[in-house]
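This is what each chain is made of:
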Amino acid sequence: MSRSQRRVASPRVVCIADFRPIAYRQVPKSVFDYLDGGAEGEVTLRENCRVFEDVTFRPRHAVAVSGSDLHTRVLGFDLSLPFLLAPVGYSRMMHPSGEVAAARAAGKAGTAYILSTISGHKLEDVKAASSGPVFYQLYLMGGRGAAEAGIARARAAGFSALVVTIDTPVAGIRERDFRNGMKELLSGGPLQKIPFLPQILSRPGWVARFLMDGGLPMLPNVVVPGRGPMPLTDVAASLAESTVTWAALRWVREVWQGPIVVKGVLTGEDARRAIDEGAAAISVSNHGGRQLDCVPAALCALPEVVKAVNGQIEVWMDGGIRRGTDIIKAICLGARAVLCGRAYAYGLAAAGEAGVNRAIEILRTDLDRTLKLLGCSSLSALDRSYVNVPKNWEI
Ligand SMILES: Cc1cc2nc3c(=O)[nH]c(=O)nc-3n(C[C@H](O)[C@H](O)[C@H](O)COP(=O)(O)O)c2cc1C
């Protein structure tokens, strides 16, 4: 067992927040801030977590609760847990095992993993690592030719759904990435890199792992016809050239011919539009506060979307989930399931697969305990009557 694995297994790591300082010590500041940070003033990033404090519980006490059933069903799959692992781009930069480790950990826990288009590992290897369902998150980077090839590979490899992210017409401005010289480190010449090297060299363990892993990988799942795999350095420019419009979503549907989840819905109007366009599910999401700053926290947008959807398709949410109580609150407000992003990515950066396993286990025990304390034996029995919600939230 490595030192970082021992650290995350220590009894002192009791909640997701405890992974954060361990992750900070394991990876360079530029990598940590890429994971931890948000867009512009980080207003939405902070709000995503803070608003969970505005929702309080209404428990049923003096009730004998024999067990706690944490199962949920998404897209026809029975999951042992009501949270899925969200797509997190560049996971391989956080730890060489990256996306493969996260997929394996999700499968072992009986839940699903969503692989980002911006993956450092081949989608076939990620699928092979997981014993559970795996979905593919799609950006149209590299144009429709590259997307079509990616979709065909995802289908052949056995991915069960496409998760199409609609909130990224351009990459959000994450100011920490600029200050840390992410652009210079990825694509600058040697002289431009120099000012930013000390923070990299201060993490020799990470540098050794990174170099042994082959350094900066190409994107093996974005293969541009006639040009080959896209280099990491082209991601931002390519995102801006390949906006996912509703018309593009129609095209994706025709090519894929399977279930589609629309990720990045924040209003009732977009939810209705996603239903009209044939989505099987939507995720109420602001991309973890990494895209347009000053949009509402995902939890605040959830009631409006649930009302607009009116039970027609599954509603998921993501943004700010750090505890089991957060997950329960989202379910009480109508979410079928939630996606966790940073909650497992801190674990990955802290200790690779062992960190992801531990993060999942912490959330699982949180859920089990919270349900029992609420006096409820099953997630499926949760509803609005278990929470108090601020009066000004649209219901
Ligand atoms: C480092 C990082 C990279 C991300 N990359 C992607 C991505 O490639 N595609 C995508 O749809 N969402 C991406 N997201 C957003 C997550 O899927 C999810 O919406 C968000 O993390 C939820 O917020 P949370 O981190 O507070 O749980 C990323 C999030 C983080 C933190």
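Residues numbered from 1 in each chain as written. Predicted model: local features only at pLDDT ≥ 70, side-chain atom pairs only at ≥ 80, totals over all residues. Heavy atoms only, no water.

**Comments concerning the overall build of the protein chain**
Then comes step 1: Of regular secondary structure, the protein chain possesses 19 helices and 14 strands.
Then comes step 2: Since a compact globule built from 395 residues should have a radius of gyration of about 21 Å, the 20 Å found for the protein chain is in line with a globular shape.
Then comes step 3: Taken along the three principal axes of its C-alpha coordinates, the protein chain extends 65 × 50 × 40 Å.
Then comes step 4: Among the 395 residues that make up the protein chain, the fraction classed as buried is 57%.
Then comes step 5: When contacts within the protein chain are restricted to residue pairs at least 6 apart in sequence, those whose partners lie at least 24 apart make up 72%.
Then comes step 6: Working note: accessible area of the protein chain is about 16000 Å², and carbon and sulfur atoms make up 55% of it.
Then comes step 7: Of the side chains in the protein chain, 46 bear a positive and 37 a negative charge, and the two mean positions are spaced by 6 Å. (Helix = DSSP H or I, 4+ residues; strand = E, 2+ residues; numbered from the N terminus. Rg over C-alpha atoms; globule rule 2.2 N^0.38 Å. Buried < 20%, exposed > 50% of the residue type's maximum accessible area, 1.4 Å probe, protein only. Contact = heavy atoms within 4.5 Å. Areas by Shrake-Rupley, 256 points an atom, 1.4 Å probe, with all protein chains shown as cover. Lys, Arg positive; Asp, Glu negative; His and termini not counted. Charge placed at Lys NZ, Arg CZ, Asp CG, Glu CD.)

**Thoughts on the packing of aromatic side chains**
Each aromatic ring pair is summarised here by two numbers: the centre-to-centre distance and the angle between the ring planes.
Then comes step 1: Taken as a whole, this structure holds seven aromatic pairs when the rule is applied.
Then comes step 2: Their ring planes at 25° and their centres at 6.4 Å tell us that F135 and W316 sit as a pair that is stacked. Pair noted here: F135 is in strand β6 (residues 134–138) and W316 is in strand β12 (residues 314–318), with a separation of 181 residues, a long-range link.
Then comes step 3: The class of F135 is buried, set by a relative accessible area of 0%.
Then comes step 4: Measuring from ring centre to ring centre gives 4.5 Å for W206 and F210, while their planes differ by 15°; the resulting arrangement is stacked. Of this pair, W206 and F210 both sit in helix α13 (residues 204–212), four residues apart, roughly one helical turn. The burial state of W206 is the same as that of F210; both residues are buried.
Then comes step 5: Lying over the aromatic face of Y24, R203 brings its terminal NZ or CZ to 5.7 Å of the ring centre. (Phe/Tyr/Trp six-rings, centres within 6.5 Å; stacked < 30°, edge-to-face > 60°. Lys NZ or Arg CZ within 6 Å of the ring centre and 35° of its normal.)

**Brief notes about the pairing of strand β8 (residues 218–224)**
Then comes step 1: With five of seven residues buried, β8 is to be regarded as a mostly interior element.
Then comes step 2: Judged from the four bridges that link them, β8 and strand β9 (residues 228–231) form a sheet pairing that is antiparallel. Within β9, the position partnered with V223 by the bridge is P229.
Then comes step 3: Remark: three residues form the turn of the hairpin made by β8 and β9, two consecutive strands paired antiparallel; G226 in that turn has positive phi of roughly 80°. (Pairing = 2+ DSSP bridges.)

**A word on the environment of M317**
Then comes step 1: With respect to the helices and strands, the residue M317 is situated in strand β12.
Then comes step 2: What M317 contacts, discounting residues up to four positions off in sequence, is F52, S283, V284, A298, L299, L302, A330, A335, A337, V338 and L339.

**Considering the site of the ligand**
Then comes step 1: Lining the immediate surroundings of the ligand are 22 residues, of which P87, S116, T165, D318 and G320 lie closest.
Then comes step 2: One of the backbone nitrogen or oxygen atoms of P87 is found 2.7 Å away from an oxygen atom of the ligand.
Then comes step 3: A distance of 2.8 Å separates an oxygen atom of the ligand from a polar side-chain atom of T165.
Then comes step 4: In isolation the ligand exposes 600 Å². Once the protein is present, 98% of that is buried.
Then comes step 5: In terms of residue class, the shell around the ligand is made up of seven nonpolar, ten polar and five charged. (Near = heavy atom within 4 Å. Polar contact = N/O pair within 3.5 Å; in protein donor to acceptor, adjacent residues only side chain to side chain. Nonpolar A, V, L, I, M, F, W, Y, C, P; charged D, E, K, R; others polar.)

**Considering helix α16 (residues 268–276)**
Then comes step 1: Where α16 is concerned, the buried positions are G268, A271, A274 and I275. Down the axis of α16, the buried side of the element spans an arc of 120°, and every buried residue falls inside it. Opposite its buried face, α16 presents the exposed residues E269 and D276, each directed more than 90 degrees away.
Then comes step 2: On its buried side, α16 packs onto α15 (246–256), β10 (260–265), β11 (281–285) and α17 (298–309). (Arc of directions from axis to C-beta.)

**Quick word on the packing of helix α3 (residues 29–36) against helix α19 (residues 342–374)**
When two helices pack together, their arrangement is captured by the angle between the axes and the distance separating the axes.
Then comes step 1: Viewed as axis vectors pointing N to C, α3 and α19 meet at an angle of 165°, and their least axial separation amounts to 10 Å. Judged by the inter-axis angle, α3 sits roughly antiparallel to α19. Seen along the crossing, α3 lies across α19 with a hand that is right-handed. Contacts between α3 and α19 pair F32, L35 and D36 from the former with R342, A345, Y346 and A349 from the latter. (Axes fitted to C-alpha atoms, helices over the stretch in contact; angles between N-to-C directions. Parallel < 35°, antiparallel > 145°, perpendicular 65-115°, else oblique. Left-handed = near helix turned anticlockwise from the far one by under 90°.)

**Describing unusual backbone geometry**
Then comes step 1: Phi angles above zero are rare outside glycine, and L75 is one such case at about 50°.
Then comes step 2: As for its position among the elements, L75 is in the loop between β2 (72–74) and β3 (77–79).
Then comes step 3: Judged by relative accessible area, which is 18%, L75 ranks as buried.
Then comes step 4: Phi is positive for Q257, which is not a glycine, with a value near 60°.
Then comes step 5: Assignment of secondary structure puts Q257 in the loop between α15 and β10.

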